[in-house]
Every structure is written in structure tokens, then in C-alpha cells.
Amino acid sequence: MTRSAAPAHVITDDAEALAVAEKLASTFGDGDSRRDADRLLPHDEIASVAASGLLGITVPREFGGADVSTRTLGEVFVTLAAADSSIGQIPQNHFFFVDVLRHAANAAQQAFFYREVLQGRHFGNALSERGGRTAMDFQIGFARQDDGTWVIDGTKYYGTGTPFAPWIPIYANDGTAGSAGRLHAAWVPATAPGVTVVDDWVGMGQRTTGSGTVTFDQVSIPDEYVVPAWRIFETTETFGAFGNYIHAAIDAGIAVAALRDGGELIRTLARPWWEAEVEHAADDPLLVQQFGELSLLVRTARALVREAGDALDAARANLDETTSAHASVAVAAARAQADTAAVTVASEIFELIGTRAAANDLNLHRHWRNARTHTLHDPRRWKLQHIGRWELSRIAPPRNGIV
């Protein structure tokens, strides 16, 4: 029922996960600019990620996975995104839905889907819709039939990763289209009758994430593919912070890439400003000063991502209202700083190189386009609100799956 996938290696611990990510990233970096410029979807690259076992590293140990720390997962995402930020973003929703299973699925569902993941059959996503009052309004038709099956009918957008994945999980409210109901996650085989994945993503950045339209025309799935996601938010949780944490790591990876590639062009292409009276642009003290400021932004973002990973791990080990709130605030801080680092570094690096940096064949602008596009996912200003409310009044961020 699902797209075929090559048998996957099973990673056993954190150290192996980091090593595999580094090895994959070393092969992805060379083609990043070309894939972006020509909009070449990374089918082979994502297949290699799946075969490597990297997409199974958060499967719990009792189900055969490595169950790596959240901090390790963040490092994996920074590494991949620094090599190719589209490849770095594609697995984000996969890990998001693996976490849905951890929080809300029953034992049989966990056993089935975790086995799918460990065998290389990973998850895309069809979360977002258009036309609702807010991004959290899900209007897609989703109703349980008398025989126990569920019928899905409607359209989803921004389906990042769907062209590559054997499974397409969705979010939907139970009941008829447009009615109020409880939030569910449903796993749809990509090859199920009535499923159409359209490669129509035309964003200026993150161009090869496959974030197009997915339509469901009276698609029927069995009850065992449906998970009551609404239960996640009935108790203290780290679920929302976890999803946002991965976004922060992707932004940090984009910042790393912009600083790295900009620095290389400063060393090899930039001419020194004549008033500096130096032989090389990299010896201009004013340039060095500004590059140091940009480097500080990146270091701070990376440090906050690591801190947020540690806070999430601590909360999962000893979960209560306080540890959950600490984790959410730590993630909000990482997300806000990584947003700033990615957009700022990717923009300001141009003035340190000079006019040559604007040459289209260099494609240095892809980092700014990627940063500006990915950071639009949810607003930085609300991260600052949650941080401020916690620091001033100890008001914990809400349980809404976003922070």
C-alpha cells in the first residue's frame, strides 16, 4: 500500500547518529546550490537519508530504535541543514509525527508504525490548510464510517516531504467537513486511491522541500491508522516544544551555512577596501569586527539550541508543569535567536564581500531566501511574548502544539 523503500540500517546510539549525519552532510553540500538554482528535488538524497537509518533514531528502545537524546537530534538537524537546508527541513515533520505516536498512539499502533520507520518507510505530512480563520483551523472532511474506516476528503497545502515519503500523516478534526471536533492524526499511504501529490511549491526559498499541494478524494483508511492527537494536550507535555525545537535547529543550520560560505568568499573573492591598507580583505579590521559579530550570533544560536535540547531531555526524564515550562521557554529562546541569526547573517554577509557577492552564479542569496522563508513558519514575536511572560510572571506557555 505504500511507496517502496530500500531496507534501512538501524542506528544504535547517539554517537552513531551524529557520525551518520556528518557523513551524509559531506555528500549533500556540493550539490546544494545546483539543486536550489535548478529546483531539483532531492529524491536520491532523501532515499539515502532513509536508508542510513537516520530517520529511525527517535524510535523508543523498546521498539528497536536508538531513542537518541533531543540534544543529539538537534545536532543532526543543524548538520543536515548546514549542508542543504531543504534536505534539513524535509525530515522535520517525520520526527514530529514519530513524536505524535509516542504521545498519543496505542501500543499496537506504535509497534506497527515504528517498525515501518525502522524499515525505511518514513513520513511526509499534510498539516496545513487555507481559508480557515487561523492556521490551526482544520476544515478537511474526516469522518468515521459504520464499518470503522475513516474517509478523508479535501485539500492540504505546504506538504513538505510528501513527494518522497511512503506515508502522509495529516491533521484533521473528527466529524463532517467544517464542523468542530477533536484533533486527530491520520496516516495515509501515499499510494492509496484518491491521493494526489502535486509538486507546485513556488516559494522563493527552501525550493526543494517538496512543499506542495496534497488532495484527498474520498480516501478511505482503517481505524488503526488514526491516532487521537487531542489527548496530547490534556496533560503536561513537551510535544509542542519538541516540534519547534527542530525548526530552531534548521534555522541555526542555515545561519551556519551562510557564515561558512560567506567566510570562504571573503577569503577567496573579496577585495580589501583601499582605506584599510591591507593586502587581503580578511585582514581588514573593520571587516573582521563585523564578521566576529555575525559569528557571535551563530554561536549564540547554536548554544541556545543545545540548551533547549538539554531542557527537553530533562523535562522528559522528570515531567511536571515546571520542567515542561522551562523546556518550552528554552525552545522559544532558541527559536527566536536562531531566527535572528539566520536572517541577519545571510543578509549582512553580502556587505562584507562586496558587489561580487550579488552575482547570481554564486547563488549566495539562497541562504537569505531559505532563512527568510523558513523563519515565516510561526512568528518570532510570539516567542518573545512567551519568554517575557515566563520571566516576569512565571506564566507558562500554552499547550497548543506550537511552543
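Since we're looking at a predicted model, the values are computed, not measured.

Rules of the game
- Residues numbered from 1 in each chain as written.
- Predicted model: local features only at pLDDT ≥ 70, side-chain atom pairs only at ≥ 80, totals over all residues.
- Heavy atoms only, no water.
- Helix = DSSP H or I, 4+ residues; strand = E, 2+ residues; numbered from the N terminus.
- Contact = heavy atoms within 4.5 Å.
- Axes fitted to C-alpha atoms, helices over the stretch in contact; angles between N-to-C directions.
- Parallel < 35°, antiparallel > 145°, perpendicular 65-115°, else oblique.
- Left-handed = near helix turned anticlockwise from the far one by under 90°.
- Nonpolar A, V, L, I, M, F, W, Y, C, P; charged D, E, K, R; others polar.
- Polar contact = N/O pair within 3.5 Å; in protein donor to acceptor, adjacent residues only side chain to side chain.
- Core = buried A, V, L, I, M, F, W, Y, C linked by side-chain atoms within 4.5 Å.
- Buried < 20%, exposed > 50% of the residue type's maximum accessible area, 1.4 Å probe, protein only.

## Let's talk about the side chain of Asn-93
Point 1. The residue Asn-93 is located in helix 6 (residues 92-104) in this model.
Point 2. Setting aside anything within four residues of it in sequence, one finds Asn-93 in contact with Gly-124, Asn-125, Leu-127 and Thr-160.

## Examining the packing of helix 1 (residues 14-28) against helix 3 (residues 43-52)
Point 1. At a minimum axis separation of 11 Å, helix 1 and helix 3 run at an interaxial angle of 165°. Between helix 1 and helix 3, the angle falls in the class roughly antiparallel. At the point where helix 1 passes helix 3, the crossing takes the right-handed sense. The segment helix 1 lies against helix 3, with Val-20, Leu-24 and Phe-28 engaging Glu-45, Ser-48, Val-49 and Ser-52.
Point 2. Along the lines of polarity and charge, the residues of the contact of helix 1 with helix 3 split into four nonpolar, two polar and one charged.

## A short note on the environment of Arg-394
Point 1. Mapped onto the fold, Arg-394 is located in the segment after helix 12 (380-393).
Point 2. As a C-alpha pair, Arg-394 and Leu-18 span 376 residues in sequence and 36 Å in three-dimensional space.
Point 3. In this structure the side chain of Arg-394 is engaged in a polar contact, spanning 2.8 Å, whose partner is the backbone oxygen of Trp-390.

## A closer look at the nonpolar core
Point 1. One finds Leu-54, Ile-57, Ile-246 and Ile-353 to be the most contacted residues of the largest nonpolar core, which totals 71 residues.
Point 2. Where this core is concerned, the elements lending two or more residues are helix 1, helix 3, helix 4 (70-83), helix 8 (239-268), helix 9 (285-317) and helix 10 (321-353).
Point 3. Top contributing element to this core by residue count: helix 8, with 15 residues.
Point 4. Apart from residues no more than four positions distant in its own chain, Leu-54 is found in contact with Ile-11, Ala-17, Val-20, Ala-21, Leu-24, Val-49, Val-76, Leu-80 and Phe-95.
Point 5. Counting residues in each nonpolar core, the second largest holds 44 residues, with Trp-167, Leu-183, Val-226 and Phe-239 among its members.

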